[in-house]
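Survey of secondary and tertiary structure
Chain by chain, the residues run as shown.
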Amino acid sequence: MAATILGLDSTSVRPQPAFRCQQSENGGWTASHTIIVTRAGFDTAGIQALFAKGSLLTGVDANIPSFFTFLKITDVSVSAEEGDLITLEVNAAGSTAAQYELGDGTGLDIESLPTYELRGQLSDASFSHHRKWLDLGDADKFLLGILLGGSIEYKPSIGKLIKLTEDNNFFNWPEQLTADDAKSFAALIQQGQTTYESSKYTWTETTEGLGQLTAAQLNKLGLIATPRGTPPEAGGTRNWKLTSATQSQQGELYRTTLEWQLSDEGGFNSFLYDS
C-alpha cells in the first residue's frame, strides 16, 4: 500500500488495481472501481466534479480499457479512516446499444439483447366469465343472476329452481333453467361456489440499453398488440394485449420490462382495445 499512496497531493486521484466490470444477459454493463484521494483534495470542487453522478468513469481513471469509455458514474460511497486518505468506491453503468430502433421506435435496436419469459398462473374469476356461462342463453343467465342474489334456491334432487316459504315449504319458481350447463352452474352456486380458477398467461420482454421507452411503445399500453420474440401459439381465437410497462434507470442505462397478457377464447374486445 505504501507504494500506492506515495506522491499524493490535493490534486491527485489514485485509481487502485482490480477495475471490475460485468455485462448482464440483456447487454448492459455495470462496473466498480476503487479510487484514493487526499482529504484536502476531496474538499475541492474539481475533485468532487470528477465523481459527480453522470460523469464519465474515464474522468477518474483514463487507463481503464478504451472499450468502456461509455461508462458513467451512478453512485459513490466514501470511506474516511484515520489519516490523510479517503477511499471512494465508485459504481458506474452504461451500454453501447440503444434499446429501440431509430425512426418510429416500434422495434428493438439491432444490437439489443432481449430476454423473454412465459408465465402462467391461476386466479379466481366469477362464473360469469366462464366460457360455458357465456354460451348460455339470456334467460338462463338471468335466472342464474337471481339465484346468485339469493332470492331463490336450486334443488338438485329435482333439478328445479324453488322459492322457500315461511313455513319451510317451497314452490317451484315460475321460470326454470333449460340448459344442462345452466343447471350445473346452479348446483355449484347452491353449494356456495361462485368462482372458478381462470388461467392467465403473461409473456415478458426484458431489455437494457440507452434511451427511454419511445412514444410508439408508450401508446401501445392497454391495446391489442403482437408480442416480440416467439411466444407459443394458443389455440382458438385468442390474442395478446400489452398490459404492463416498467422502466428503471441506473445512470444512463435503462432497463425496460414489457408484459403482454393472452386473452381468453374469443380475444380481447377489438372495439375497446384495438387502435
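Quick caveat, the model's predicted, so the values are computed rather than measured.

What counts as what
Every residue gets a number counted from 1 within its own chain, in the order that chain's sequence is written. Only residues with pLDDT of at least 70 get local features here, since the model is predicted, and only at 80 or more are side-chain atom pairs given and counted; chain-wide, interface and lining totals rely on the full set of residues. Excluding hydrogens and water, the side-chain values take into account all heavy atoms of the structure. Under the scheme used here, helices are H or I runs from DSSP no shorter than 4 residues and strands are E runs no shorter than 2 residues, and both carry numbers assigned from the N terminus. To sort residues, take the accessible area from a 1.4 Å probe on protein chains only and compare it with the maximum for the residue type: under 20% means buried, over 50% means exposed, and anything in between is partly exposed. When a carboxyl oxygen of Asp or Glu lies within 4 Å of a side-chain nitrogen of Lys or Arg, that pair is called a salt bridge. Contacts: residue pairs with any heavy atoms within 4.5 Å of one another. Strands qualify as paired when DSSP identifies two bridges or more between them. A fitted line through C-alpha atoms serves as each axis, taken over the contacting stretch for helices, and the angle formed by two N-to-C directions is quoted from 0 to 180°. Expected helix span is computed as 1.5 Å times (number of residues minus one). Directions drawn from the helix axis to the C-beta atoms are what define this arc. Every residue is assigned a pLDDT by the predictor, reflecting its confidence on a scale from 0 to 100.

**Focus: unusual backbone geometry**
Despite not being glycine, Ala18 has its phi angle at roughly 70°, a positive value. Tracing the chain through its elements places Ala18 in the loop between strand S1 (14–15) and strand S2 (20–23). Positive phi values are uncommon outside glycine, yet Asn168 reaches one of about 65°. On the secondary structure map, Asn168 appears in the loop between strand S8 (160–164) and strand S9 (170–172). What makes Asn168 exposed here is its relative accessible area of 69%.

**Focus: the pattern of salt bridges**
Inspection of the entire model under this criterion finds 5 salt bridges. The shortest N-O distance in the salt bridge between Glu208 and Arg255 comes to 2.7 Å. With Glu208 in strand S10 (residues 195–209) and Arg255 in strand S12 (residues 253–262), this residue pair connects regions lying 47 residues apart in the sequence. Taking relative accessible area as the criterion, Arg255 reaches 26% and is therefore assigned partly exposed.

**A short note on the side chain of His130**
Tracing the chain through its elements places His130 in the loop between strand S6 (115–126) and helix H4 (131–134). Beyond its immediate chain neighbours, meaning those up to four positions away, His130 contacts Phe185 and Tyr196.

**A closer look at the sheet that holds strand S7 (residues 153–155)**
Within the open sheet, the 3 strands sit side by side as S7-S8-S9. Their pairing is antiparallel. One side of each edge strand has no neighbouring strand; the edge strands of this open sheet are S7 and S9. With strand direction ignored, the average angle separating the axes of adjacent strands in the sheet is 45°. The pairing of S8 with S9 spans 3 bridges and is classified as antiparallel. What sits directly across from Ile162, in S9, is Asn172.

**Considerations on the sheet that holds strand S11 (residues 240–250)**
The strand order across the open sheet formed by 4 strands is S6-S10-S12-S11, and the pairing between neighbours is antiparallel. Looking along the sheet, the strands with just one partner apiece sit at the ends: S6 and S11. Across this sheet, the average inter-strand angle for adjacent strands is 20°, counted without regard to direction. The sheet contact formed by S10 and S12 spans 8 bridges and is antiparallel. Bridge pairing links Glu205 to Leu258 in S12.

**Looking at helix H5 (residues 138–149)**
An α-helical turn contains 3.6 residues, so any two residues separated by three or four positions project in the same direction. The first and last C-alpha atoms of H5 sit 17 Å apart over 12 residues, in line with the 16 Å expected at 1.5 Å per residue. The set of residues buried in H5 consists of Asp140, Leu143, Leu144, Ile146 and Leu147. Each buried residue of H5 lies within a common arc of 155° when the element is viewed along its axis, so the set occupies one face. For H5, exposure combined with an orientation more than 90 degrees from the buried face picks out Asp138, Phe142 and Gly149.

**Some details on the confidence of the model for the chain**
Overall, the predicted model of the chain reaches an average pLDDT of 92, with 97% of residues at or above 70. For the chain, per-element mean pLDDT is lowest for helix H1 (residues 2–5), which scores 41, and highest for helix H6 (residues 180–190), which scores 97. Scored below 50 in pLDDT, residues 1–5 shows 7 contacts in the model against residues more than four places distant or in partner chains.

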